[in-house]
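Listed below, chain by chain, are the residues.
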Amino acid sequence: MGNAGKESPDRSRAVAPAAAKQDLSGIGTAFASPMLATLSSRAFNWSRSGIGPRLLAAVLLFSSLVTLTLTALQLYLDYDREVGMIETRLGEIGRSTTGSLGESLWSLDQNQLKLQLEGILRLPGLRAAEVREIADRPNPISVAVGERGRRSVVTRDYPLIYTVQGTARPIGVLHVEATLSDVYQQLLNRALVILASQAAKTFLVSLFIIYMFHILVTRHLVAIADFVSKYNLARPPPPLHLERRPPSDPDELDKVVDAFNAMCSNLGHAYDELREANANLDRDLKIRKRAEEDARASEQRFRDYAEIASDWFWETGPDHVFTYISERAGAFGTDHRAMIGKRRPDAAFDQNAELEKWRDHMAMLDRHEPFRKFEYRGRDAAGRPHYFSVNGQPVFGDDGRFMGYRGSATDITAQREAEERLRQSQKMDAIGQLTGGVAHDFNNVLTVITGTIEIIQEGLADKPELAAIAQLIDDAASRGAEITSQLLTFARRQPLEPREIDINALVAETAKLLRPTLGEHVEIVMHLDDDAWPAMADPSQLSSAIVNLAVNARDAMPDGGRLTLETANREFNGTDNDDGEAGAYVMIAVADTGHGIPAEIRERVFEPFFTTKGVGRGTGLGLSMVYGFAKQTGGTVTIESEEGRGTVMRLFLPRSAGDAAARTGPTPTPAPTRGHETILVVEDDPLVQGYVIAQLGSLGYRTLTASDGATALALVERGANFDLLFTDIIMPGGINGRELADAIQLRRPNVRVLYTSGYTDNAIVHGGQLDPGVALLRKPYRKADLSRKIREVLGGERSEKGATSAKMA
């Protein structure tokens, strides 16, 4: 039964009628095609022309649906009966033949089995029969007759059982198939007969219905429609009359005709009255239309100006209360509806802070004077502060009575913020110039102090009390060198050694150093992005920046807390970061759970020497050093803080173009190395010059000295021989160290050059980075630094760190 619904593969195809065969003449074929096309076109147009065809289509459709439903029901009942007969026949085969087939199979009589199966196959509807033996031996018996089908079949399997010594044993299976193809063919023929007879009957009945509907209804409806469509109020036609036999009693059509005639009569009277009223109304409408067009044009002109202007417009009454604010104010975050009914001071939050300004302004309004560019601070609908500039003009009535003010307003918040950023940038640049110059002179002094202390310490090795005093001086000098280094970093005058670094590795190593520094009461948590990009920065300066941020965070958590170090990738589109520079950056965030930074001092935290700590607890240079390092590296630093909730400092560094980060370990400081070469020392500071000559002499070098570039060039012109030019960068006389070195190397290409300075300016540093191939010894330096750098330059050894590997105090 599972396959009972499938169609037979050998189902007969429909045979073409005789009229379509090839014995038709060519003339008949030529006439048939145009005729059919013409009839089809006329039938299609007629079916769309009125109610009758649609009624005919509805009757045909409904009758067809009823016919199809009844036919389907009848066919289903016939199909169910025929299938039931086949299943009954298969059941009788299972009951009547399994015993004899079991005997024959037990006797292994294949001929008898085949005869019995052929007898089964002669029954009506049977298609195939098969007996299969169930045995453990090779090649069990299988006898089959007929052809198995794949579709439209009903199958049954009956077990063949043979009783041996009172025990029933299954010895095989009888498989029987019956076809449903004949059933389908009979059902198809029966369906065609039913549908053909019902279709003919339905079509004839429908034609009769449409004919009667046309005679009784539709032709009169067409006459009524024709009368209405041609009716002219100016020249009314005779009353409507239908050409038909009048019924004994008025029917629906008669009532429609009477109603139309009465309506036409009423329309004629109303038309005369309306024509007279229209003449009067037309004159009034022309006058009113002209006035409305003028008013609409004036209003639209004002709206256009109000919506395309960068300002918005307002009106107030004689009590200075807003009566109108243009919708343009919404573009700047101001809710113009909420302002209606309020006065301007109600929206300002600087009224109490600037009482005199507001008192003068309100007095001017009371005097009914015009005003321009009155500026005040207010808030938008979200509570954000804004700066506004307003202009106003008093309005007076025809009788001279004061009506209020009209004016415009401008949001100048962006302009004010830009001016504030410019002032802040100019202030920071001015401070940077000042601190850079101070650091330059201070480094010269520190160079002499640190070098002299080394000599004193060597001579006081056997005097512990004096050696301790000398150590205090040395520590103070180192502290001074650290302060000047921070000043130079803030001023962006510190030569950097940027290289590709692994940010995660550097943060992890710095965190190890922070644990003993911050103390056990501060928990350090790290969230490092596994896919963090490599950054291009100076690793030593970056480590110092992270330490400074961490120490500030610790000071903000006196009772302990959590310090979080985080790395992530960021891409800016030009408006996200403070400087507005688009590009890819690596972010290092240092977050604490401390007391936070008050809003009024948040913009000053990067200023040098600004600190909220007590006296002696800080120099105020830590965050300024971080700020200068970030800017010089090509990045930026931002603050996010809330009082009582903690602070997050985010350091953004430019992404490196490479794919892998290079890591270098710390370079050990070797012992001073002696030499025998001749060195030309060019130094304008006599104290530093004397110190350098003494140190070089103690290392075995011969020295020539000059206090400026002109004197040094004169020595070269006189033929002085030397192996190394050791020159300061910033010197008087119009020639700096870089220009002096270039001039000497034009005359003596083999001369090596070592620069020294406490403030490099832009002579050998560009873009915050030391020029390629340049060797620099930063002031202040010690004897070991001087010895190692000289041997590095004279020996031609250029370490991976290049010319900037000297120690910076």
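Just above, that's the structure.
What you see is a predicted model, and the numbers here were worked out from it, not measured in a lab.

A. Broad picture of the overall build of the chain. Looking only at helices and strands, the chain features 16 helices and 23 strands. Counting every position in the chain, which comprises 809 residues, the buried fraction comes to 39%. The contacts of the chain with a sequence gap of at least 6 include a subset with a gap of at least 24, amounting to 66%. In the form shown here, the chain has an accessible surface area of approximately 46,400 Å², with 54% of it arising from carbon and sulfur atoms.

B. Summary view of the packing of helix H14 (residues 709–717) against helix H15 (residues 737–747). Two elements in contact, H14 and H15, have axes separated by 10 Å at closest approach and are oriented at 10 degrees. It follows from the interaxial angle that H14 and H15 lie roughly parallel. Of H15, the residues touching H14 (which contributes Gly709, Ala712, Leu713, Val716 and Glu717) are Leu740, Ala743, Ile744 and Arg747. Looking at the contact of H14 with H15 residue by residue, the classes come out as six nonpolar, one polar and two charged.

C. Summary view of the packing of aromatic side chains. Applying the stated criterion to the full structure yields 13 aromatic pairs. For the ring pair tryptophan 358 and tyrosine 376, a centre distance of 5.5 Å and an interplane angle of 65 degrees mean the geometry is edge-to-face. Taken together, the residues span a long stretch of sequence, with tryptophan 358 in helix H7 (residues 355–366) and tyrosine 376 in strand S7 (residues 371–379) at a distance of 18 residues. When its relative accessible area of 2% is taken as the criterion, tryptophan 358 is described as buried. Residues phenylalanine 402 and tyrosine 405 carry aromatic rings whose centres are separated by 5.8 Å and whose planes lie at 75 degrees to one another, so their mutual orientation is edge-to-face. On the basis of relative accessible area, phenylalanine 402 is assigned to the buried category, the value being 12%. Ring-pair connections join several aromatic residues into one group, and the members of that group are Trp314, Phe322, Phe371, Phe396, Phe402 and Tyr405. One cation-aromatic arrangement involves arginine 344 over tryptophan 314; the distance from NZ or CZ to the ring centre is 4.6 Å. Here arginine 655 stacks its cationic end above the ring of tryptophan 533, 4.0 Å away from the centre of that ring.

D. Summary view of the environment of glutamine 415. With respect to the helices and strands, glutamine 415 occurs in helix H8 (residues 413–459). Judged by its relative accessible area of 46%, glutamine 415 is partly exposed. Each C-alpha atom of the pair glutamine 415 and tyrosine 387 lies 9.0 Å from the other, and the pair is 28 residues apart in sequence.

E. Broad picture of a nonpolar patch on the surface. A surface patch of nonpolar side chains, amounting to about 640 Å² of accessible area, comprises Val205, Phe208, Ile209, Tyr211, Met212, Ile215 and Leu216. Turning to its location among the elements, isoleucine 209 is positioned in helix H4 (residues 181–229). Note on isoleucine 209: relative accessible area 33%, which makes it partly exposed.

F. Broad picture of the pairing of strand S15 (residues 636–642). The pairing of S15 with strand S16 (residues 646–654) spans seven bridges and is antiparallel. Looking at the pairing, threonine 638 lines up with arginine 650 of S16.

G. Layout of the pairing of strand S20 (residues 752–757). Along S20, five of the six residues are buried, which leaves the element largely enclosed by surrounding structure. The pairing of strand S19 (residues 724–728) with S20 spans five bridges and is classified as parallel. In the sheet register, aspartate 728 faces S20, and the bridge partner there is threonine 756. Handedness of the crossover joining S19 and S20 through H15: right-handed. Direction of pairing for S20 relative to strand S23 (residues 776–778): parallel, over a ladder of three bridges. Across the sheet, residue tyrosine 755 finds its bridge partner in S23, namely leucine 776.

H. Focus on the sheet that holds S19. Strand order across the open sheet formed by five strands is S18-S17-S19-S20-S23, with parallel pairing between neighbours. Two strands lie at the open edges of the sheet, namely strand S18 (702–706) and S23, each paired on one side alone. For this sheet, the mean angle separating the axes of adjacent strands, direction not counted, is 20 degrees. As paired elements, strand S17 (residues 678–682) and S18 share five bridges and run parallel to each other.

I. Broad picture of the nonpolar core. Formed by 36 residues in total, the largest nonpolar core has its most connected members in Ile503, Leu542, Leu563, Leu565, Ile588, Leu651 and Leu653. For leucine 563, the residues in contact, after removing those within four places along its chain, are Leu518, Val522, Glu523, Ile524, Val525, Ala550, Ala553, Met557, Val590 and Ala591. Core analysis: the next-biggest nonpolar cluster, separate from the first, contains 30 residues, Ala129, Tyr162, Ala178 and Val183 among them.

J. Structural view of the pattern of salt bridges. Taken as a whole, this structure holds 17 salt bridges when the rule is applied. The residue arginine 156 makes a salt bridge to glutamate 87 at a minimum N-O spacing of 3.7 Å. Taken as a pair, arginine 156 in strand S3 (residues 153–164) and glutamate 87 in helix H2 (residues 51–106) lie far apart in primary sequence, 69 residues in all. Overall, the relative accessible area of 25% leaves arginine 156 in the partly exposed class. Close ionic contact of arginine 401 with aspartate 399 constitutes a salt bridge, the shortest N to O distance being 3.8 Å. Taken together, the shared-partner salt bridges connect Glu130, Arg132, Arg148 and Glu177 into one network.

K. Local environment of the packing of helix H10 (residues 503–518) against helix H11 (residues 539–555). Axis separation between H10 and H11 bottoms out at 10 Å; the angle between their running directions is 45 degrees. Comparing their axes, H11 and H10 come out oblique. The handedness of the crossing between H10 and H11 is right-handed. Note on element contacts: H11 touches H10 through Pro539, Leu542, Ser543, Ile546, Val547, Ala550, Val551 and Arg554, opposite Ile503, Leu506, Val507, Thr510, Leu514, Thr517 and Leu518. Tallied by class, the residues present in the contact of H10 with H11 amount to 11 nonpolar, three polar and one charged.

L. Quick look at the sheet that holds strand S13 (residues 561–572). Pairing is mixed in the open sheet, where five strands are placed in the order S11-S13-S14-S16-S15. Across the chains shown, the open sheet's two edge strands, defined by having one partner strand only, are strand S11 (522–528) and S15. When the angles between neighbouring strand axes are averaged without regard to direction, this sheet yields 20 degrees. With respect to the sheet, H11 is in contact with S11, S13, strand S14 (583–592) and S16, its orientation differing from that of S14 by roughly 35 degrees.

M. Representation of H14 within the structure. All buried positions along H14 are accounted for by Gly709, Ala712, Leu713, Leu715 and Val716. Relative to the axis of H14, the buried residues are bounded by an arc of 155 degrees and lie together on one face. Buried positions along H14 lie against S17, S18 and H15. At the exit of H14 stands glycine 719, carrying a positive phi of roughly 90 degrees.

N. Up close: the side chain of serine 206. Tracing the backbone shows serine 206 in helix H4. On the basis of relative accessible area, serine 206 is assigned to the buried category, the value being 1%. Those residues in contact with serine 206 that lie beyond four places of it in its chain are Leu56, Val59 and Leu60.

O. Region of interest: the environment of serine 104. Structurally, serine 104 can be placed in helix H2. Take serine 104: its relative accessible area is 8%, and that puts it in the buried class. Sequence separation between serine 104 and lysine 114 is 10 residues, and the spatial gap between their C-alpha atoms is 9.8 Å. In contact with serine 104, not counting residues within four places along its chain, are Asp109, Gln112, Leu113 and Gln116.

Parameters and conventions
Residues numbered from 1 in each chain as written. Predicted model: local features only at pLDDT ≥ 70, side-chain atom pairs only at ≥ 80, totals over all residues. Heavy atoms only, no water. Helix = DSSP H or I, 4+ residues; strand = E, 2+ residues; numbered from the N terminus. Buried < 20%, exposed > 50% of the residue type's maximum accessible area, 1.4 Å probe, protein only. Contact = heavy atoms within 4.5 Å. Areas by Shrake-Rupley, 256 points an atom, 1.4 Å probe, with all protein chains shown as cover. Axes fitted to C-alpha atoms, helices over the stretch in contact; angles between N-to-C directions. Parallel < 35°, antiparallel > 145°, perpendicular 65-115°, else oblique. Nonpolar A, V, L, I, M, F, W, Y, C, P; charged D, E, K, R; others polar. Phe/Tyr/Trp six-rings, centres within 6.5 Å; stacked < 30°, edge-to-face > 60°. Lys NZ or Arg CZ within 6 Å of the ring centre and 35° of its normal. Patch = residues over 30% accessible without salt bridge, like charges linked within 9 Å, V, L, I, M, F, W, Y side chains within 5 Å. Salt bridge = Lys/Arg side-chain N within 4 Å of Asp/Glu carboxyl O. Pairing = 2+ DSSP bridges. Right-handed = clockwise from strand over helix to strand, strands pointing away. Core = buried A, V, L, I, M, F, W, Y, C linked by side-chain atoms within 4.5 Å. Left-handed = near helix turned anticlockwise from the far one by under 90°. Arc of directions from axis to C-beta.

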